[in-house]
Amino acid sequence: MIVINLDVMMAKRKISLNELSDKVGITLANLSILKNNKAKAIRFSTLDAICKALDCRVEDILEYIDE
């Protein structure tokens, strides 16, 4: 299972969903879906923009957990 740790990185960087939405250019609804681990897919361009905005690496956002 792949887990999205967006909420963890946002807390570490002390950035709100609204602020990240503005920086990345993604709607609040779509960011909320990612943040709450409800997403079925993510575009590489979106992941790239999130990593740039949060100054982090992909593995800081995505985690694989063996079920």
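Since this is a predicted model, take the numbers as computed values, not measurements. (Residues numbered from 1 in each chain as written. Predicted model: local features only at pLDDT ≥ 70, side-chain atom pairs only at ≥ 80, totals over all residues. Heavy atoms only, no water.)

Digging into unusual backbone geometry
Most peptide bonds adopt trans geometry, and most residues besides glycine take a negative phi value.
Now for step 1: Although it is not a glycine, K14 adopts a positive phi angle of roughly 55°.
Now for step 2: Mapping K14 onto the fold places it in the loop between helix 1 (6-13) and helix 2 (17-24).
Now for step 3: With relative accessibility at 74%, the residue K14 sits in the exposed group.
Now for step 4: In this structure, N37 is a non-glycine residue whose phi angle is positive, near 60°.
Now for step 5: Among the structural elements, N37 can be located in the loop between helix 3 (28-35) and helix 4 (44-54). (Helix = DSSP H or I, 4+ residues; strand = E, 2+ residues; numbered from the N terminus. Buried < 20%, exposed > 50% of the residue type's maximum accessible area, 1.4 Å probe, protein only.)

With respect to helix 1
Now for step 1: When helix 1 is considered as a whole, its buried residues turn out to be L6, M9 and M10. For helix 1, the buried positions fall inside an angular range of 100° around the axis, keeping them on one side. Across from the buried face of helix 1, at angles greater than 90 degrees, the exposed residues are A11 and K12.
Now for step 2: If you follow the buried residues of helix 1, they end up packed against strand 1 (2-4), helix 2, helix 3, helix 4 and helix 5 (58-61).
Now for step 3: Following helix 1 by one or two positions, K14 has its phi on the positive side, about 55°. (Arc of directions from axis to C-beta. Contact = heavy atoms within 4.5 Å.)

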